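# Geometric and topological summary
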Amino acid sequence: QLQFVESGGGLVQPGGSLRLSCAASGFTLGYYALGWFRQAPGKEREGVSCISTSGGSTNYADSVKGRFTISRDNAKNTVYLQMNSLRPEDTAVYYCAAVVGIQPRCRAIPSAYWGQGTQVTVSS
């Protein structure tokens, strides 16, 4: 399985920022297009953003456009999600996974292992 370790979540006030990191262990991250997904209590998992293998193509959910930025550093075997202007509705567990498609939406590989993710809580 392609497993990742997500980190960087935490408790932040509305309007604040966080940077999430997703590190690959035991395989070369640069071989894969990657995506960030999130799931809030009582809601289905949704794609947040994804990025092609080289970083040349990206996609964002409408709800995060202009606020979140996905990037990757293949030399560090890591993908990032910079989250600015956070809102309470961004509260969720955030996961990363390999994706098989970027457009028209981020599509996780069928065998994606979701693991523990990292909790983001936006509250005053």
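Right, let's walk through the structure included here. (Residues numbered from 1 in each chain as written. Predicted model: local features only at pLDDT ≥ 70, side-chain atom pairs only at ≥ 80, totals over all residues. Heavy atoms only, no water.)

Turning our attention to the nonpolar core. Membership of the largest hydrophobic core comes to 39 residues, with the highest contact counts inside it found for F4, W36, F68, L81, M83 and Y94. Going through the elements one at a time, β3 (18–24), β4 (34–39), β5 (46–51), β7 (68–73), β8 (78–83), β9 (92–101) and β11 (118–122) are the ones with two or more residues in this core. For this core, the element with the highest residue contribution is β9, accounting for eight residues. The contact partners of L81, leaving out residues within four places of it in the chain, are L18, R19, L20, W36, V48, S49, F68, T69, I70 and Y94. (Core = buried A, V, L, I, M, F, W, Y, C linked by side-chain atoms within 4.5 Å. Buried < 20%, exposed > 50% of the residue type's maximum accessible area, 1.4 Å probe, protein only. Helix = DSSP H or I, 4+ residues; strand = E, 2+ residues; numbered from the N terminus. Contact = heavy atoms within 4.5 Å.)

Moving on, we come to the state of the cysteines. Applying the stated criterion across every chain yields a total of two disulfides. Each disulfide pairs two cysteine sulfurs, and for C50 the partner residue is C106, the sulfurs being separated by 2.0 Å. Between C50 and C106 the disulfide shows an S-S torsion of about -90 degrees. By sign, it is left-handed. Of the two residues, C50 is situated in strand β5 and C106 in the loop between β9 and β10 (107–108); the sequence distance between them amounts to 56 residues. (Disulfide = S-S within 2.5 Å.)

The next subject is the side chain of D90. You can see D90 is positioned in the loop between β8 and β9. Polar contacts involving the side chain of D90 include one to the side chain of R67, which spans 2.8 Å. (Polar contact = N/O pair within 3.5 Å; in protein donor to acceptor, adjacent residues only side chain to side chain.)

To continue, consider the sheet that holds β3. Two pairing modes exist for strands in a sheet, parallel and antiparallel, and in both the strands are linked by backbone hydrogen bonds. Ordered in space as β1-β3-β8-β7, the four strands form an open sheet in which the pairing is antiparallel. Strands with a single pairing partner mark the edges of an open sheet, and in this sheet they are β1 (4–7) and β7. Ignoring which end each strand starts from, the neighbouring axes of this sheet average 15 degrees apart. Of the strand pairs in this sheet, β7 and β8 are connected by six bridges, and their pairing is antiparallel. Following the sheet pairing, F68 is matched in β8 by M83. (Pairing = 2+ DSSP bridges. Axes fitted to C-alpha atoms, helices over the stretch in contact; angles between N-to-C directions.)

The next subject is the pattern of salt bridges. It is possible for side chains of opposite charge to pair when their charged atoms get near one another. For the structure shown, the criterion picks out four salt bridges. E46 is the partner of R38 in a salt bridge, and the nearest nitrogen-oxygen pair spans 2.8 Å. Using a relative accessible area of 6% as the deciding quantity, one classes R38 as buried. D90 serves as the salt-bridge partner of R38, at 3.0 Å between the closest nitrogen and oxygen. Linking R38 in strand β4 with D90 in the loop between β8 and β9, this pair joins segments that are 52 residues apart in sequence. (Salt bridge = Lys/Arg side-chain N within 4 Å of Asp/Glu carboxyl O.)

Attention shifts here to the pairing of β11. On β11, burial follows the alternation: T118, V120 and V122 on one face are buried, whereas Q119 and T121 on the facing-out side are not. Sheet analysis places strand β2 (residues 10–12) next to β11, joined by three bridges and oriented parallel. Considered in β11, the bridge of L11 is made with T121. Note: β9 against β11, three bridges, orientation antiparallel. Bridge pairing links Y94 to T118 in β11.

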